[in-house]
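If you want the building blocks of each chain, they are given just below.
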Amino acid sequence: MVHQSTDFKRDLIASLPKLRAFAVSLIGNPDRADDLVQDTIMKAWAKQDSFAPGTNIKAWLFTILRNEFYSQMRKRGREVQDSDGIFTEQLSVHPAQYGSLDLQDFRKALDKLPDDQREAIILVGASGFSYEEAAEICSCAVGTIKSRVSRARTRLQELLEIQGEVDYGPDSISTQVTSNKFA
Amino acid sequence: MIDVHNSRDEPAVKIHVMNAKKNSSEAPEKARVRRRDIRNAETEIGLKLRALYASVQEEEIPARFLDLLEKLDEAERNHAQLSE
């Protein structure tokens, strides 16, 4: 029994960097994200008997974190949502966490997505889960995850084009139009 | 001499380009360009998303989490000893 618990602890610690990355991507405010990770660790520890050893502990932990995130959101109500970008503004306090200014712009765009779309694109696009695994974590249909990821991509594309017209988008398109017309 | 040679070459090139345009219908070409632009944007979004994620994942695990797990583990061991 003690031996099993040691294995569980070791696997949990090994998953912590990924769990934190998921929480910070999901929430934006690093302090709040770490509070959520702490709550997740306590929940996971309390229900470790329900984890089947040998199965995917990462998916199991992500599911707990995700459910905890939504239950806290429901408890606190809508006002904690970062609709005014208050938490995002605090990013300047943690510059190391997001590296370049470029990534800070991306972070802001990500925070503007609806929660379900943001979580879907993170799980599939960054955490390395398949659509099927992501659907299981979010307890929804695979098709729902696919459409959320697709809508998230489209929205991010729109948001980033508005913020960074010089980088890509209108420029590359106008180049194409010009070369087509005058070739 | 060189100028004359060039001016002779130029129309040949233009005809070649025009023939190529005649052979391929314009709609698939536009669709191809649009698909490529969408793909490039998706790649860019994917790269930034993974970069953001990696920047957090590569950080050291905060001590508070390791301390917490140590305490949870210790409490469980003490509890197990008491019930023995």
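For the structure, see preceding data.
Note that the structure is a prediction, hence the values are computed from the model and not measured.

A. The arrangement of the overall build of chain B in detail. When its secondary structure is counted, chain B shows three helices and zero strands. When the helices and strands of chain B are read in sequence order from the N terminus, they spell out α-α-α. Put simply, chain B has 84 residues, and 20% of those count as buried. Surface accessibility of chain B: about 6,700 Å² in total, with carbon and sulfur atoms responsible for 56%.

B. Summary view of the state of the cysteines. Residues and elements named next belong to chain A. In the structure shown here, the tally under the stated rule is zero disulfides over all chains. With no disulfide of its own, Cys 138 lies 5.2 Å from the sulfur of Cys 140, the closest cysteine sulfur. On the accessibility criterion, Cys 140 (22% relative accessible area) is partly exposed.

C. A look at the interface of chain B and chain A. On the chain A side, the residues contacting the 32 residues of chain B number 43 residues. Together, the buried faces of chain B and chain A total about 3,700 Å²; carbon and sulfur atoms form 67% of this surface. Of the charged contacts in the structure, one is a salt bridge between A:Arg20 and B:Glu59, with a shortest N-O distance of 3.2 Å. Remark: the boundary between chain B and chain A carries nine residue pairs in polar contact (both at pLDDT 80 or more). Only helix H1 (2-23), helix H2 (26-57) and helix H3 (63-83) of chain B provide two or more residues apiece to the side of chain B that touches chain A. Looking at the side of chain B that touches chain A residue by residue, the classes come out as 17 nonpolar, two polar and 13 charged.

D. Up close: the pattern of salt bridges. By the definition in use, this model includes 16 salt bridges over all chains. Between B:Asp73 and A:Lys9 there is a salt bridge; the shortest N-O distance is 3.0 Å. Of this pair, B:Asp73 sits in helix H3 while A:Lys9 sits in helix H1 (residues 2-27), each in a different chain. Exposure remark for B:Asp73: the relative accessible area of 3% places this residue in the buried category. Among the ionic contacts, a cluster of salt bridges with common partners joins A:Lys9, B:Glu70, B:Asp73 and B:Arg77.

E. Summary view of the packing of aromatic side chains. Residues and elements named next belong to chain A. For the coordinates displayed, the defined rule picks out seven aromatic pairs over all chains. Seen from their ring centres, Phe 8 and Trp 45 are 5.9 Å apart, and the 65 degrees between their planes marks the pair as edge-to-face. Here Phe 8 is found in helix H1, whereas its partner Trp 45 is found in helix H2 (residues 30-46), with 37 residues between them in sequence. Between the aromatic rings of Phe 62 and Phe 129, the centroid separation amounts to 5.2 Å while the plane-to-plane angle is 70 degrees, which identifies the pairing as edge-to-face. A residue pair is termed long-range when its members are at least 10 positions apart, and Phe 62 in helix H3 (residues 57-76) and Phe 129 in the loop between helix H7 (115-125) and helix H8 (131-137) qualify at 67 residues. Note on accessibility: Phe 62 and Phe 129 belong to one class, buried. Among the aromatic side chains, those forming a connected cluster through ring pairs are Phe 8, Trp 45, Phe 51 and Trp 60.

F. Up close: H3(A). All names here are of chain A. Under the 1.5 Å per step criterion, the end-to-end length of H3 is 28 Å for 20 residues, consistent within 8% with the ideal 28 Å. H3 sits mainly inside the fold: 14 of its 20 residues count as buried. Two or three places before Lys 58, at the start of H3, stands the capping residue Asn 56, its side-chain oxygen 3.1 Å from that residue's backbone nitrogen. Just downstream of H3, Gly 77 is the residue with a positive phi angle, here 85 degrees.

Parameters at a glance
Residues numbered from 1 in each chain as written. Chains lettered and ligands numbered in written order. Predicted model: local features only at pLDDT ≥ 70, side-chain atom pairs only at ≥ 80, totals over all residues. Heavy atoms only, no water. Helix = DSSP H or I, 4+ residues; strand = E, 2+ residues; numbered from the N terminus. Buried < 20%, exposed > 50% of the residue type's maximum accessible area, 1.4 Å probe, protein only. Areas by Shrake-Rupley, 256 points an atom, 1.4 Å probe, with all protein chains shown as cover. Disulfide = S-S within 2.5 Å. Contact = heavy atoms within 4.5 Å. Buried area = accessible area lost by both parts, 1.4 Å probe. Salt bridge = Lys/Arg side-chain N within 4 Å of Asp/Glu carboxyl O. Polar contact = N/O pair within 3.5 Å; in protein donor to acceptor, adjacent residues only side chain to side chain. Nonpolar A, V, L, I, M, F, W, Y, C, P; charged D, E, K, R; others polar. Phe/Tyr/Trp six-rings, centres within 6.5 Å; stacked < 30°, edge-to-face > 60°. Expected span 1.5 Å × (residues − 1).

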